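Residue-level structural notes
Next come the chains, spelled out residue by residue.
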Amino acid sequence: MLMCAVILITCFFGCSKEVESTPVKAQDFRITAYVVSSSIDEKFDFSHFDQLTDIILFGNANFDESGNVILTDKFESDLNAVREHMTNQNLYLNILGPSSQSESDDWAEQMHDLADRHTNAFKSGNLENSIKSVLDEYGFDGVVFDYEFPLRSKDWKAYDKFIVSLDSVLGEDYKIGMSMVGWNLKQSDEAKNATDFFEVMSYDLWDDKGYHATLDIAEDDISKFVENGYDKATLDLGVPFYARPTTQEAYWYDYKAYYDKLSEDGLYNDSETNLVFSFNTYNVIEEKTQFAVDNGVGGMMVWHYGCDLPADNEKSLFNAIYTVKQNAVNAQ
């Protein structure tokens, strides 16, 4: 019986997908923010840019089923505005794919239609070079994908094959990033190796009490990635600078508009909708960042930049992240 137990334990650990994590120096800890096109205007606050290491420009590009990248009319003005306030940050272009055309009310059916349209683009033979042309022309450091969500194995296979092919086209000149969720990690090992970093979307998730995107949820998401063979150093823990209702309705409230109206545990009672909104407070963001630093996670990711207060406000959530990083740098 003892020998059988030893064999079972050996087999269990031998089959584990966990990989040895690359050590992360405090000064290399990433602070990544999505900068969303719809929020960029003449009043846009750039005061946190010097705290960022990486910027993802979102909402300016998509690709169609034929594999052609299409840039919005606002693309160049947004890009120029962002670049004007950058110092030495990495700049990535997020490129969205075709939208679902399904008329079904069933979410899974919508995702299947979405996947079919993405797969058409992935198999077109055009998308890799179309992406490279945009990166070349506008001087980005790489590309980031938000593909939500390939549910079937055939969808993942098409996505994986495309990412590997894209990596061979881009080579060492550009990085590939991917936003992913902890509950849908079916990426192949080959595609993992072809992807340089992963944005962990640890939000739009609730605990049993209705609190949105808690520290426990964040810790669980990171554990799921590690258990599935991801190097923690390649992960950015995603945090929401917005609220969701405790009842999970489709409402989103920016932190900057309600930061001074929140209860101690980050709740806001909205009399117009009769909903209770759950925010990540300064303390929660601080705790999540400390967890990431202490556990070798590569960085933090924010959705999205435009939801926060200016840097001179003591309740700014970016300040919470940056302070923890700087404390770690000083200690190291």
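As a starting point, this report considers the structure included with it. Bear in mind that the values here come from a model prediction, so they are computed numbers and not experimental data.

**Some words on the nonpolar core**
Counting residues in hydrophobic clusters, the biggest one holds 96 residues, and the most contacted among them are Phe49, Ile131 and Phe145. Take this core: its biggest share by element is 7 residues, from helix α5 (residues 153-170). With residues near it in sequence (within four places) discarded, Ile131 still touches Val69, Ile95, Val143, Phe145, Phe162 and Leu166.

**Section: the pattern of salt bridges**
Counting across every chain of the model gives 11 salt bridges. For Asp236, the salt bridge identified is with Arg30, shortest N-O distance 2.9 Å. In this pair, Asp236 is assigned in strand β9 (residues 235-240) and Arg30 in strand β1 (residues 30-36), connecting sequence segments 206 residues apart. Neither Asp236 nor Arg30 differs from the other in exposure class; each is buried. Across the pair Asp204 and Arg244 runs a salt bridge, and its minimum N-O distance is 2.9 Å. Here Asp204, found in the loop between β8 (197-200) and α7 (215-227), pairs with Arg244, found in strand β10 (residues 242-245); they are 40 residues apart in sequence, far enough to count as distant. One salt-bridge network, held together by shared partners, links Glu65, Asp113 and Arg117.

**Details of the packing of helix α3 (residues 107-122) against α5**
Contact geometry for α3 and α5: axes closest at 10 Å, N-to-C directions at 30°. Here α3 is positioned roughly parallel relative to α5, judged by the angle of their axes. In the crossing of α3 with α5, the sense of the turn from one axis to the other is left-handed. Each of Ala115, Thr119 and Phe122 in α3 lies in contact with α5, whose residues at this interface are Asp155, Ala158, Tyr159 and Phe162.

**Describing the environment of Arg244**
On the accessibility criterion, Arg244 (5% relative accessible area) is buried. Counting along the chain gives 40 residues from Arg244 to Asp204, while the straight-line C-alpha distance between them is 7.1 Å. Here Arg244 is in contact with Asp204, Trp206, His212, Glu249, Ala250, Tyr251, Trp252, Val276, Phe277 and Ser278, once residues within four sequence places are set aside. Within the structure, Arg244 has its side chain in polar contact with the backbone oxygen of Gln248 (distance 3.4 Å). From its side chain, Arg244 meets the backbone oxygen of Glu249 in a polar contact 2.8 Å long.

**Some points on the sheet that holds β9**
With parallel pairing, 8 strands are arranged side by side around a closed barrel as β1-β2-β5-β6-β7-β8-β9-β14. For this sheet, the mean inter-axis angle between neighbouring strands, taken without regard to orientation, is 25°. Where α7 meets the sheet, its contacts fall on β7 (175-180), β8 and β9, and the angle it forms with β9 comes to roughly 155°. Its contacts with the sheet put helix α9 (residues 317-331) on β1, β9 and β14 (299-303), and the angle it makes with β1 is roughly 160°.

**Describing the packing of α7 against helix α8 (residues 282-294)**
At a closest axis distance of 10 Å, the pairing of α7 and α8 adopts a crossing angle of 25°. Between α7 and α8, the angle is such that the two are roughly parallel. Handedness of the α7/α8 crossing: right-handed. Between α7, through Leu215, Ala218, Glu219 and Ile222, and α8, the contact on the second element is made entirely by Glu287, Lys288 and Phe291. Looking at side-chain class alone, the contact of α7 with α8 contains 4 nonpolar, no polar and 3 charged residues.

Reading guide: rules and limits
- Residues numbered from 1 in each chain as written.
- Predicted model: local features only at pLDDT ≥ 70, side-chain atom pairs only at ≥ 80, totals over all residues.
- Heavy atoms only, no water.
- Core = buried A, V, L, I, M, F, W, Y, C linked by side-chain atoms within 4.5 Å.
- Buried < 20%, exposed > 50% of the residue type's maximum accessible area, 1.4 Å probe, protein only.
- Helix = DSSP H or I, 4+ residues; strand = E, 2+ residues; numbered from the N terminus.
- Contact = heavy atoms within 4.5 Å.
- Salt bridge = Lys/Arg side-chain N within 4 Å of Asp/Glu carboxyl O.
- Axes fitted to C-alpha atoms, helices over the stretch in contact; angles between N-to-C directions.
- Parallel < 35°, antiparallel > 145°, perpendicular 65-115°, else oblique.
- Left-handed = near helix turned anticlockwise from the far one by under 90°.
- Polar contact = N/O pair within 3.5 Å; in protein donor to acceptor, adjacent residues only side chain to side chain.
- Pairing = 2+ DSSP bridges.
- Nonpolar A, V, L, I, M, F, W, Y, C, P; charged D, E, K, R; others polar.

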